[in-house]
Amino acid sequence: MLRATHFPLTRYPTVFALRQSLVPILSISSFPSSFLQKLSTFSAFHSFSNPLSPTRPSLVALTPRQLSPMVGHPQLRPSASFNSESSSGGSREILVQHLLLKEDDQKLLLELQQRIAEGEDLSDLAVEYSICPSKEEGGMLGWVRKGQMVPEFEEAAFSAPLNKVVKCKTNFGWHLLQVLSEREESLLKDIQPEEFHAKMQDPSFIEEAQLIDVREPEEVSQASLPGFQVLPLRQFGIWGPEITSKFDPMKDTYVMCHHGMRSLQVAKWLQTQGFRKVFNLYGGIHAYATKVDPSVPTY
């Protein structure tokens, strides 16, 4: 039985299939395959034809287990930057789990509603009956905020009382969903090289902030910045599962790579792991070297 205190948030991209738009994957073909499996949730899904017959994006070889049955045609599109703050006054994120049934399974829907009313747990029923791959996680979808999901699901989820199971219907079928917890919306934004350089001049900044370099060792040997802890993408399978024990999700966290593309995806992933304030160094170490500190080598 899954509870809010123990859940993997990124194993399946189900919730992102429900979302209307997301930050797209950039230069995804250069990523290690193990990292792609974790970051497949960050693809931008824009069409949902034939939800029971998922197709695969051309740039990434995803297994059927990685694709939600609600995904029709995942689309990848480029984007130069991500400069908007995710946090705003009064906004919130909710932790959602759900169970998905086919549209014509009305009888089963009523049966499951009755069993829940009699005290059975939604996550247990999701494991047995849901047609969504998230069933293996008890239907856990993770933390979401308004503006990221299809309207029917979003309206039901954000109006549902905590822990009360409610139903809604979308193009994917019937959902029984439950909001397990809520929190203030987290922040994710780009930080320009000039602003980051100014922060680096304060010795206390390096001591208090968490600085993560997601480049490979051979890249770091060519150019580096003080205070950064190197977490190579090729070793994601090692440090990924332990990220919340290595770093404090409550501290400001800055992520850097070569040109800023990969680090944005890592920043998004950190946000799903509960990190409250995550900053992506826009343009990466290359932009930092060319714009503010020519003493840093370029490559």
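The structure displayed is predicted, hence computed values, not measured ones.

1. Digging into the nonpolar core
Inference 1: In this structure, Phe196, Phe205, Leu211, Leu225, Tyr254, Tyr288 and Val296 are the most contacted members of the largest nonpolar core, which totals 18 residues.
Inference 2: Counting only elements with at least two residues in this core, the list comes to β7 (187-191), α6 (193-200), β10 (252-256), β11 (277-281) and α12 (284-291).
Inference 3: Ranked by residue count, the leading element in this core is α12, at three residues.
Inference 4: With near-sequence residues (within four places) excluded, Phe196 lies in contact with Ile191, Phe205, Leu211, Leu225, Phe228, Tyr254, Leu281 and Tyr288.
Inference 5: One finds Val214, Phe247, Trp269 and Phe275 within the second-largest nonpolar core, a separate group that totals 17 residues.

2. Topic: the pattern of salt bridges
Inference 1: Under the criterion given, the structure shown has twelve salt bridges.
Inference 2: For the salt bridge of Glu93 with Arg183, the shortest nitrogen-to-oxygen distance reads 2.7 Å. On the criterion of sequence distance, the pair formed by Glu93 in strand β3 (residues 92-101) and Arg183 in strand β6 (residues 173-184) is long-range, its members being 90 residues apart.
Inference 3: By relative accessible area, which is 3% here, Glu93 ends up buried.
Inference 4: Of the charged contacts, one joins Glu242 and Lys246 as a salt bridge, the two residues approaching to 3.8 Å between their closest N and O atoms.
Inference 5: Look at Glu242 and you get partly exposed, because its relative accessible area is 40%.
Inference 6: Taken together, the salt bridges that share partners define one network made up of Glu93, Arg145, Arg183 and Arg276.

3. Some thoughts on the confidence of the model for the protein chain
Inference 1: Residues with a pLDDT of 70 or more make up 70% of the protein chain, whose mean pLDDT is 77.
Inference 2: Every residue in residues 1-16 is under pLDDT 50, and counting partners more than four places away or in other chains gives 53 contacts.
Inference 3: Confidence drops under pLDDT 50 across residues 20-90; counting only partners more than four residues distant or on other chains, this segment forms 168 contacts.

4. Digging into the sheet that holds β10
Inference 1: In spatial order, the strands read β7-β11-β10-β8-β9; together these five strands make up an open sheet with parallel pairing. Here the strands that pair on one side only, and so sit at the sheet edges, are β7 and β9 (229-230).
Inference 2: Relative to β11, β10 is paired through four bridges, and the arrangement is parallel. Within the sheet, the bridge partner assigned to Thr253 lies in β11 and is Val278.
Inference 3: The strands that α6 touches are β7, β8 (210-213), β10 and β11; relative to β7, the one it contacts most, it runs at about 95°.

5. Some thoughts on the packing of aromatic side chains
Inference 1: Inspection of the entire model under this criterion finds nine aromatic pairs.
Inference 2: Between Phe196 and Phe205, the aromatic rings sit 5.9 Å apart at their centres with planes inclined by 80°, giving edge-to-face as the arrangement.
Inference 3: Take Phe205: its relative accessible area is 11%, and that puts it in the buried class.
Inference 4: Where Phe236 meets Trp269, the ring centres are 5.0 Å apart and the plane angle is 70°; that geometry is what we call edge-to-face. Of this pair, Phe236 sits in helix α9 (residues 236-239) while Trp269 is found in helix α11 (residues 261-272), placing the two residues 33 residues apart along the sequence.
Inference 5: The exposure class of Phe236 is buried, given its relative accessible area of 2%.

6. Section: the sheet that holds β6
Inference 1: The sheet built from four strands is open, its strands ordered β4-β3-β6-β5 with antiparallel pairing. Among the strands making up the open sheet, the edge pair consists of β4 (140-145) and β5 (165-170). This sheet shows a mean twist of 40° between the axes of neighbouring strands, independent of strand direction.
Inference 2: Note: β3 against β6, ten bridges, orientation antiparallel. What sits directly across from Val96, in β6, is Val179.
Inference 3: Across the sheet, helix α4 (residues 122-129) is in contact with β3, β5 and β6; its angle to β3 comes to roughly 40°.

7. Thoughts on the pairing of β3
Inference 1: Of all ten residues in β3, nine are buried, a share of seventy percent or more.
Inference 2: Looking at chain direction, β3 and β4 are connected through five bridges and run antiparallel. In the strand pairing of β4, Val96 is matched with Gly142.

8. Some details on the side chain of Glu154
Inference 1: You can see Glu154 is positioned in helix α5 (residues 151-159).
Inference 2: Here Glu154 sits buried without a salt bridge, and the closest side chain of opposite charge, Lys146, lies 6.3 Å off (N-O distance).

9. Considering the environment of Cys257
Inference 1: Relative to the helices and strands, Cys257 is located in the loop between β10 and α11.
Inference 2: Classification of Cys257 by relative accessible area gives buried; the value is 1%.
Inference 3: Between the alpha carbons of Cys257 and His286 there is a distance of 8.6 Å; along the sequence they are 29 residues apart.
Inference 4: Not counting chain neighbours up to four residues away, the residues in contact with Cys257 comprise Val214, Arg215, Arg262, Ser263, Gly284 and Ile285.

What counts and what doesn't
Throughout, residues of each chain are indexed from 1 in the direction in which the sequence is written. Predicted model: local features are reported for residues with pLDDT of at least 70 only, side-chain atom pairs are reported and counted for 80 or more only, and whole-chain, interface and lining totals are derived from all residues. Based on all heavy atoms of the structure, the side-chain values leave hydrogens and waters out of the count. Only buried Ala, Val, Leu, Ile, Met, Phe, Trp, Tyr and Cys residues count toward a nonpolar core, and they belong to the same one when joined by side-chain atoms within 4.5 Å. We call a residue buried when its accessible area falls under 20% of the maximum for its residue type, exposed when it is over 50%, and partly exposed in between, using a 1.4 Å probe and counting protein chains only. Elements are defined by DSSP. Helices are runs of H or I of four residues or more, strands are runs of E of two residues or more, and each kind is numbered from the N terminus. Residues are treated as being in contact if the distance between any of their heavy atoms lies within 4.5 Å. The salt bridge definition used is simple: a Lys or Arg side-chain nitrogen within 4 Å of an Asp or Glu carboxyl oxygen. The quantity called pLDDT is the predictor's confidence in a given residue, expressed from 0 to 100. DSSP bridges decide pairing: two strands pair if at least two such bridges lie between them. Here an angle of 0 to 180 degrees is reported between the N-to-C directions of two axes, which are lines fitted to C-alpha atoms, with helices fitted over the stretch in contact. In this scheme Phe, Tyr and Trp rings, the latter by its six-membered ring, pair at centre separations within 6.5 Å, and the angle between planes marks the pair as stacked below 30 degrees, edge-to-face above 60, and tilted otherwise. His is not counted, nor are the chain ends; Lys and Arg add positive charge and Asp and Glu add negative charge.

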